[in-house]
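Chain and residue survey
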Amino acid sequence: MAVCARLCGVGQARGCRRRQQRKGPAEAAGAAAESEPDTDPEEERIEGVPVMARPVGACGASGHGGAGDPGAGLAAGGAGSPVSTCPQPPQPPARCSLLELPPELLVEIFASLPGTDLPSLAQVCTKFRRILNTDTIWRRRCREEYGVCENLRKLEITGVSCRDVYAKRINPRVKSGRFMKILPDYEHMEYRDVYTCLLHRYRHILGLWQPDIGPYGGLLNVVVDGLFIIGWMYLPPHDPHVDDPMRFKPLFRIHLMERKSATVECMYGHKGPHNGHIQIVKKDEFSTKCNQTDHHRMSGGRQEEFRTWLREEWGRTLEDIFHEHMQELILMKFIYTSQYDNCLTYRRIYLPPTRPDDLIKPGLFKGTYGSHGLEIVMLSFHGKCAKGTKITGDPNIPAGQQTVEIDLMHRIQLPDVENLRNFNELSRIILEVREQVRQEQQQQQPEGQEEGPGQAPPSARECPPEPPAYQKPEQPAPAPSWGAEGGGGTEKGLEASGDGPPAAPEPAPSEGGQPFVLPAGVISRNEDYPRTCRMCFYGTGLIAGHGFTSPERTPGVFILFDEDRFGFIWLELKSFSLYSRIKATFQNAEPPSPEAFDEMLKNIQALTT
């Protein structure tokens, strides 16, 4: 109790100080000598001031009122006693408690602490709890930890956030009045409620997620948008405009309709927000459920829903698509994805870590996949190889599978433009490199060890963490020449590379790159591809039948155009895929460690195998 009284500045300690102020110096010294100290060692330890012993001066031990010093006895006598000639002991330094600081300073201190520590701080004493009710503290925590910048008192800005975002940024054709709804009572809401009941409670679902929609997958980004938490589904641009920006639409939102009560609303459909539910299943996984699926239906029935979905997904009508196989794929996707409009499960995904020796910055890209349209691929580097993992997929190669794998140890020197137009010439170069890779793998494989029926092919195994055999253009350096020189090399030169002297190092590519043109007969969805490239590498692409049947890796060539674009030629399919970087900033998407990212890749691949 003495400690609490001293910290709070009340009780006996305060009374003692006031009585000492009213008394003179001599009376105060005498009273201090006769009475017990108003603090104990434990209180002194809490306040951070050690217990100070009374110094012994020239009066010696008699300064305590002993018989050896008559002056001390006189000092302790009545009013008529003479004053002692012994000097008075120095006063102890004034003790300052945290509670004696001005409230505005405490507000500034508390506002700089993490929001998760504030509830514990409120249990210390009544004064701290009263100060922590200051809205400025929680507003700063909302801004610094979650990026909330809106003012709760400005209803004209806050109340129409999601409606305007959807109407203007997502689909300009949507009338802004479609998403009008009764606005929450923000004027009587506090930032403490926003932090504790909304942001902190749902902090585990912020970041990038992949919805479980069978082979199609997807990319969901859950962010704090104003005073809402919104789940944005990212959609590739309309085929075949791979360089266009991404499209996105809201799937759900969470906000406070009342104090201390967060509301989950489903944004799917065309009748505005309606009641939904979110359940955090386990770490790195959550699910959403719509409680009013009738809002997803349209008055014109399934035909109107299909036409609306087709315009949003492909930007065209079914009559504009003349390819019969493409029509079947589109109709199949609509029927399949419509089954997941009321309940979805999401699994967390991370952006690939960046290393200084990466060929280009890893990340998310959108690429062309023939009749399947544009799909999202994650490019990551793993030692001496690079992998392209599908985030969105199709019935042939589902989401989560490695669509391409690039061997950074086997660089290809393309022939000149005239010879490059000949597909047979390019095919010969790629097959020569594949044979070279096969021979190297056989030499590295221990004798007597054979691949079992369940073992993955060499190209699909894990890449050893070896340094890549390339140099960036801004650092010219000789690189080993596994391909052909000039017109693509000869078989004789390839055979001699095993036992004979090594081939002459090829020069590093210039800043402008080398001319590039697609060989005749190679199909491309986008004819507006770059006409110069930096470098090329041998790689393999994954192909399979419908339903991911009979999957196999076939040879191809990886073409690096610039920092934001690359391509891949599928040799067996005579097809070209162009990839363009997704230029968007994603928060809460960094992996905790490289091992966590590799584990994430294995998990999403195992789910679709």
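Here goes a summary of the coordinates provided. As the structure is a prediction and not an experimental result, all values here were calculated from the model.

The next subject is the overall build of the chain. Counting its regular elements, the chain contains 18 helices and 19 strands. Taken over 609 residues, the chain has a buried fraction of 45%. Across the chain, every contact between residues at least 6 apart in sequence was considered, and the portion connecting residues at least 24 apart equals 62%. When the accessible area of the chain is evaluated, it comes to approximately 31,600 Å², of which 53% is carbon and sulfur surface.

Below, the discussion takes up a nonpolar patch on the surface. Taken together, the side chains of L98, L105 and I109 make up a nonpolar region of the molecular surface, amounting to roughly 220 Å² of accessible area. In this structure, L98 sits in the loop between helix 5 (70–75) and helix 6 (103–111).

Contact geometry of helix 9 (residues 135–146) with helix 12 (residues 191–199) gives a least axis separation of 7 Å together with a crossing angle of 45 degrees. Viewed along their axes, helix 9 and helix 12 adopt a mutual orientation that is oblique. For the pair helix 9 and helix 12, contact is made by D135, W138, R139, R141, C142, E145 and Y146 and by Y191, R192, V194, Y195, T196 and L199, respectively.

Note on placement: E265 falls in strand 5 (residues 261–266). Within the structure, the side chain of E265 is placed 2.6 Å from the side chain of R253, a separation counted as a polar contact.

Along the polypeptide, R141 turns up in helix 9. Separated by 31 residues in sequence, R141 and F110 place their C-alpha atoms 9.8 Å apart. Each residue touching R141, except ones within four places of it in the same chain, is listed here: A111, S112, L113, P114, G115, L118, Y146 and Y195. A polar side-chain atom of R141 sits 2.8 Å from a polar atom in the side chain of E144.

Here we take up unusual backbone geometry. In the segment running from D239 into P240, the intervening peptide bond is cis, with an omega of 5 degrees. Note on placement: P240 falls in the loop between strand 3 (228–235) and strand 4 (247–258). With a phi close to 50 degrees, K574 is a non-glycine residue in the positive phi region. Here K574 is to be found in the loop between strand 18 (565–570) and strand 19 (575–581).

Relative orientation of the contacting elements helix 6 and helix 9 amounts to 25 degrees, with a least axis distance of 9 Å. Between helix 6 and helix 9, the angle falls in the class roughly parallel. The handedness of the crossing between helix 6 and helix 9 comes out as right-handed. When helix 6 is examined against helix 9, the residues V107, E108, F110 and A111 are found in contact with a partner set consisting of I137, R140 and R141. Its residues assigned to classes, the contact of helix 6 with helix 9 shows 4 nonpolar, no polar and 3 charged.

Glancing now at the side chain of R348. With respect to the helices, strands and loops of the structure, R348 is situated in strand 8 (residues 343–348). Look at R348 and you get buried, because its relative accessible area is 13%. Polar contacts involving the side chain of R348 include one to the main-chain carbonyl oxygen of H204, which spans 2.6 Å. A polar contact of 3.0 Å, which involves the side chain of R348, links it to the backbone oxygen of L206.

So, on to the pattern of salt bridges. Under the definition given, this model contains 21 salt bridges. Its salt-bridge partner being E144, residue R140 comes within 2.8 Å of it at the nearest N-O pair. With a gap of 4 residues between them, R140 and E144 both fall in helix 9, about one helical turn apart. Residue R565 pairs with D562 through a salt bridge whose shortest N-O separation is 3.0 Å.

This part takes up the nonpolar core. Ranked by size, the top nonpolar core spans 46 residues in total, and within it I205, I229 and I254 carry the most contacts. No other element matches helix 12, which puts 6 residues into this core. No fewer than three residues from each of domain 1 (100–192) and domain 2 (200–347) sit in this core. Every residue in contact with I254, bar those within four places of it in the chain, is listed here: L198, Y202, I205, L227, F228, I229, A262, T263, V264 and I278. Membership of the second largest hydrophobic core comes to 26 residues, among which are F516, L518, F576 and L578.

Moving on, we come to the pairing of strand 6 (residues 274–282). When strand 5 meets strand 6, the two strands line up antiparallel, connected through 2 bridges. Looking across to strand 6, one finds that E265 is bridged to N275. Pairing geometry for strand 6 and strand 7 (residues 285–290), over 5 bridges, is antiparallel. Directly across from K282, in strand 7, lies its bridge partner E285. The hairpin formed by strand 6 and strand 7 contains 2 residues between the paired strands, and D284 there has a positive phi angle of roughly 65 degrees.

This part is about helix 18 (residues 594–608). The first and last C-alpha atoms of helix 18 sit 22 Å apart over 15 residues, in line with the 21 Å expected at 1.5 Å per residue. Within helix 18, the full set of buried residues consists of F597, M600, L601, I604 and T608. Along helix 18, the residues classed as buried sweep out an arc of 100 degrees about the axis, all on the same side. Turned more than 90 degrees from where helix 18 packs its buried face, E595 and A606 sit exposed. Structurally, helix 18 contributes buried residues whose contacts are with strand 1 (207–211), strand 8, strand 10 (374–382) and strand 11 (385–390).

Turning to the pairing of strand 8, a few remarks are in order. Residues L344, Y346 and R348 line the buried face of strand 8, whereas the alternating positions C343, T345 and R347 sit on a face that is not buried. With 3 bridges connecting them, strand 1 and strand 8 associate as antiparallel partners. From the neighbouring strand, Q210 faces strand 8, where its bridge partner is R347. Two elements, strand 7 and strand 8, share 5 bridges in a ladder whose sense is antiparallel. From the neighbouring strand, S287 faces strand 8, where its bridge partner is T345.

Reading guide: rules and limits
- Residues numbered from 1 in each chain as written.
- Predicted model: local features only at pLDDT ≥ 70, side-chain atom pairs only at ≥ 80, totals over all residues.
- Heavy atoms only, no water.
- Helix = DSSP H or I, 4+ residues; strand = E, 2+ residues; numbered from the N terminus.
- Buried < 20%, exposed > 50% of the residue type's maximum accessible area, 1.4 Å probe, protein only.
- Contact = heavy atoms within 4.5 Å.
- Areas by Shrake-Rupley, 256 points an atom, 1.4 Å probe, with all protein chains shown as cover.
- Patch = residues over 30% accessible without salt bridge, like charges linked within 9 Å, V, L, I, M, F, W, Y side chains within 5 Å.
- Salt bridge = Lys/Arg side-chain N within 4 Å of Asp/Glu carboxyl O.
- Axes fitted to C-alpha atoms, helices over the stretch in contact; angles between N-to-C directions.
- Parallel < 35°, antiparallel > 145°, perpendicular 65-115°, else oblique.
- Polar contact = N/O pair within 3.5 Å; in protein donor to acceptor, adjacent residues only side chain to side chain.
- Left-handed = near helix turned anticlockwise from the far one by under 90°.
- Nonpolar A, V, L, I, M, F, W, Y, C, P; charged D, E, K, R; others polar.
- Core = buried A, V, L, I, M, F, W, Y, C linked by side-chain atoms within 4.5 Å.
- Domains from an automatic or database assignment.
- Pairing = 2+ DSSP bridges.
- Expected span 1.5 Å × (residues − 1).
- Arc of directions from axis to C-beta.

The values reported here are purely geometric and, on their own, carry no functional implication.
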